[in-house]
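Structural overview for review
Chain residues, written in single-letter form:
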Amino acid sequence: MAEPAGGKVVRWQRWAFSNLGSAFTNFGSLWLILAPLVSLIATYAPRRLFRTYFNLFLRRRARRLLNVVDPYATVDISEPGTDVRYSRYGPVSDADTTYEEAKAYLSEKACDQEEARALRAEGARDGDGLVVSIRDGQDVADEFRGVSLWWTSVVGMDVQGQRQGRRRFLRLTFHLRHRRLVVDEYLPHVRRCGREILFSNRRRRLYTNSKSRDVYTYEYKSWSYIDFDHPTTFDTLAMDREKKKEIMDDLDAFRKNKDFYRRTGKPWKRGYLLYGPPGTGKSTMVAAMANYLDYDIYDVELTVVSTNTDLRKLLIETTSKSIIVIEDIDCSLDLTGDRARQRRRPGQASSSSKADDDKYYADERPRNTVTLSGLLNFIDGLWSACGGERIVVFTTNHVDKLDPALIRRGRMDMHIEMSYCGFEAFQTLAKNYLDIDEHELFGVVEEILKEVKLAPADVAECLMTAKRAGSGEPTPCLEILIDELKKRAEEKEKAEAEAKAKAKAWAEAEAKAAAEANAAEMARGNPR
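Residues numbered from 1 in each chain as written. Predicted model: local features only at pLDDT ≥ 70, side-chain atom pairs only at ≥ 80, totals over all residues. Heavy atoms only, no water.

Another aspect to go through is a negative patch on the surface. The grouping of Glu490, Glu491, Glu493 and Glu496 at the surface amounts to a negative patch. We classify Glu490 as exposed; its relative accessible area is 55%. (Patch = residues over 30% accessible without salt bridge, like charges linked within 9 Å, V, L, I, M, F, W, Y side chains within 5 Å. Areas by Shrake-Rupley, 256 points an atom, 1.4 Å probe, with all protein chains shown as cover. Salt bridge = Lys/Arg side-chain N within 4 Å of Asp/Glu carboxyl O. Lys, Arg positive; Asp, Glu negative; His and termini not counted. Charge placed at Lys NZ, Arg CZ, Asp CG, Glu CD. Buried < 20%, exposed > 50% of the residue type's maximum accessible area, 1.4 Å probe, protein only.)

Written out as structure tokens, the structure is:
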């Protein structure tokens, strides 16, 4: 006959209690033997040494027992200290950003969980927002790939139980069997998400480089900055809609293809060359790109950079998710593509004189030691791969003057012509300034823009004049605009005619001077 289930339980309980009693009896006998020895060690051994090794012994034994009773592990992410080291270039912080990234990650989780009620709000380090974090002792639950995890904010304690200067820890608790998942995947996931949150909450900046000759001063910083708050977007940029869409698609492809760049062995960067006449919106395009990608801008002024080494230092100190801009690059350095032309060296020809040599040294000696080679290495050399997700933008009014090696594909990947104002660009400006999409007078404006090449800046100024002079109604404003455009067209034609006349007179004067010089040489019997 089968024994009832209750009888089995009773027999098991009796066996457990009997064995447990014998275990305690044996432990008591062992302690009676060891107690005098422990007392002697505690009396004659150094107090601190005894306490340290005895606590270590007990902790090891207790940890083995706890692994059976409590199979959970913890990881503490400590709040960074305030230690700062100094270099020749100024203070350099060694603070780890893991704590801030984890706190930003938990800020999102805490706001979404009703169970998290004890919260703390702090002002964001950059920007006007708030960072909501959990208070001491508050728990926040999370789930990653079906695994449950718990976060707790803890204030550090020393060995006497006193608070360690209110230094906080974020404690992560998880089951021991998920250790590799937490260390290899979850914690990097927390850092990535927290970094993205911090990046989106920051106040974007516009940087400019300092003079290289001040590098040895104590408070020298390679970059100084102001907050960047330019209102231009691609919606307000005066340009053909198809061209704007092409640029935005290219920017999206760059931002989302980190794995592609790594797989193909290319640094994660892209170059854009903006060229066109003055007033066509090259600088405005850079601002629109920065606002679209939410990037910082580093405006490099090459004329204050002394050497290629200083230029390289500037590159190293830029951050990821940024746009590096060199405006009017044709005016910054001698990058005119005449590398194949051999310069005359002083004293080479027998007819050279000391005066000619002095003129060479005065006119031909470079005033700036930043070279084309240094700039090419800045764009796509080995040092350009430090960091990632960078965009390099060159702007110029005269693309034909630049060295082909500087603007070839692979360095300047996309060439964008910023042309004169077309009708679609005018429609954008009319929407921005007059808040109208269509009007019967648009046809007249379109005909004027087809006949005369006007920069978007000129058209925008005409719209400002029309808006100030008009009554606010579209028709009077457009009538004034048409008159202004015609006036600008006449002024431009007159200016171009005067420029052509001056160029012709200059060419004639140059030809006349050359003929006179040649005649003088022939008279001396030394024809050129």
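After that view of the structure, there is still more to cover.
On to unusual backbone geometry, then. Phi at Arg145 takes a positive value of approximately 55°, unusual for a residue other than glycine. Tracing the backbone shows Arg145 in the loop between strand 6 (139-144) and strand 7 (147-157). Positive phi, close to 60°, is recorded for Asp435, a residue that is not glycine. Its location among the elements puts Asp435 in the loop between helix 13 (423-434) and helix 14 (442-451). (Helix = DSSP H or I, 4+ residues; strand = E, 2+ residues; numbered from the N terminus.)

Moving on: the environment of Ser322. Of note, Ser322 is situated in strand 13 (residues 322-326). Note: C-alpha distance between Ser322 and Lys269 (53 residues apart in sequence) is 9.9 Å.

With that settled, the discussion passes to the packing of helix 8 (residues 308-316) against helix 11 (residues 372-380). The relative placement of two packed helices is expressed as an angle between their axes plus a distance between the axes. At a closest axis distance of 9 Å, the pairing of helix 8 and helix 11 adopts a crossing angle of 15°. Considering their axes alone, helix 8 and helix 11 lie roughly parallel with respect to each other. Our pair here, helix 8 against helix 11, has a crossing hand that is right-handed. Counting all contacts with helix 8, which are made through Asn308, Leu311 and Leu315, the residues of helix 11 involved are Gly374, Leu375 and Phe378. In terms of residue class, the contact of helix 8 with helix 11 is built from four nonpolar, two polar and no charged. (Axes fitted to C-alpha atoms, helices over the stretch in contact; angles between N-to-C directions. Parallel < 35°, antiparallel > 145°, perpendicular 65-115°, else oblique. Left-handed = near helix turned anticlockwise from the far one by under 90°. Contact = heavy atoms within 4.5 Å. Nonpolar A, V, L, I, M, F, W, Y, C, P; charged D, E, K, R; others polar.)

If you look at the biggest cluster of nonpolar residues, it comprises 28 residues, and the most contacted ones within it are Met285, Met289, Ile323, Ile391 and Val393. Per element, the largest residue contribution to this core is seven residues, and it comes from helix 7 (residues 282-293). With sequence-adjacent residues up to four places away left out, Met285 is seen in contact with Phe234, Leu237, Met239, Ile247, Leu274 and Met418. (Core = buried A, V, L, I, M, F, W, Y, C linked by side-chain atoms within 4.5 Å.)

On to the sheet that holds strand 14 (residues 390-396), then. Ordered by their spatial adjacency, seven strands build an open sheet running 10-9-12-13-14-11-15, and the pairing between neighbours is mixed. At either end of the open sheet lies a strand with only one pairing partner, and these are strand 10 (223-227) and strand 15 (414-417). The average undirected angle you get between the axes of adjacent strands in this sheet is 20°. Here strand 11 (residues 269-275) pairs with strand 15 via four bridges, running parallel. The residue bridging Leu273 from the neighbouring strand is His415, located in strand 15. Contacts from helix 7 reach strand 11, strand 12 (296-299), strand 13 and strand 14, with the element oriented near 165° to strand 14. (Pairing = 2+ DSSP bridges.)

Attention now goes to the pairing of strand 14. For strand 14, a buried count of seven out of seven residues is recorded, marking the element as mostly surrounded by other parts of the structure. Note that strand 11 and strand 14 share seven bridges and pair parallel. The partner of Tyr272 across the bridge, within strand 14, is Val393. Sheet topology places strand 13 next to strand 14; five bridges connect them, and they run parallel. Looking at the pairing, Ile324 lines up with Val392 of strand 14.

Turning to the pattern of salt bridges, a few remarks are in order. With the rule as written, the count across this model stands at 22 salt bridges. In this structure, the salt-bridge partner of Asp296 is Arg202, at a minimum N-O distance of 3.1 Å. Within this pair, whereas Asp296 is found in strand 12, its partner Arg202 is found in the loop between helix 4 (179-201) and strand 9 (205-209), the two being separated by 94 residues in sequence. A residue is classified by how much of its surface remains accessible, and Asp296, at 7% relative accessible area, is buried.

For the coordinates displayed, the defined rule picks out 13 aromatic pairs. Measuring from ring centre to ring centre gives 4.3 Å for Tyr207 and Tyr298, while their planes differ by 10°; the resulting arrangement is stacked. Linking Tyr207 in strand 9 with Tyr298 in strand 12, this pair joins segments that are 91 residues apart in sequence. By relative accessible area, which is 1% here, Tyr298 ends up buried. Pairing Phe234 with Tyr292 gives two aromatic rings, centres 5.6 Å apart and planes at 90°, and the pair type is edge-to-face. (Phe/Tyr/Trp six-rings, centres within 6.5 Å; stacked < 30°, edge-to-face > 60°.)

The next point concerns the pairing of strand 9. Burial along strand 9 is one-sided: the residues Arg205, Tyr207 and Asn209 are buried and none of Leu206 and Thr208 is. As judged from the five bridges shared by strand 9 and strand 10, these two strands associate in the antiparallel manner. Paired with Thr208 across the two strands is Ser224, which belongs to strand 10. For strand 9 and strand 12, the ladder comprises three bridges, and the chain directions are parallel.

Looking now at the packing of helix 5 (residues 241-256) against helix 7. Where helix 5 meets helix 7, the axes come as close as 11 Å, and the angle between the chain directions of the two elements is 45°. The pairing of helix 5 with helix 7 is recorded here as oblique in orientation. Here helix 5 and helix 7 pass one another in a crossing that is right-handed. Seen from helix 5, the contacting residues are Ile247, Met248, Leu251, Asp252 and Arg255; seen from helix 7, they are Met285, Met289, Tyr292 and Leu293. For the contact of helix 5 with helix 7, a count of residues per class yields seven nonpolar, no polar and two charged.

Turning our attention to the side chain of Arg270. When you line up the elements, Arg270 lands in strand 11. Contacts of Arg270, omitting those with residues within four sequence positions, involve Asp250, Phe254, Tyr261, Arg390, Ile391, Val392, Asp413 and Met414.

The first and last C-alpha atoms of helix 16 (residues 474-523) sit 72 Å apart over 50 residues, in line with the 74 Å expected at 1.5 Å per residue. Along helix 16, the positions that sit buried rather than exposed are Cys477, Leu478, Leu481, Ile482, Glu484, Leu485, Ala489 and Glu521. Buried residues along helix 16 sit against helix 13, helix 14 and helix 15 (456-469). (Expected span 1.5 Å × (residues − 1).)

When pLDDT is averaged along the protein, the result is 77; 69% of the residues meet or exceed 70. For the stretch residues 1-10, pLDDT sits under 50, and the model shows two contacts to residues farther than four places along the chain or on other chains. Counting interchain partners and residues more than four positions distant, the pLDDT-below-50 stretch residues 82-94 has 18 contacts. (pLDDT = per-residue confidence, 0-100.)

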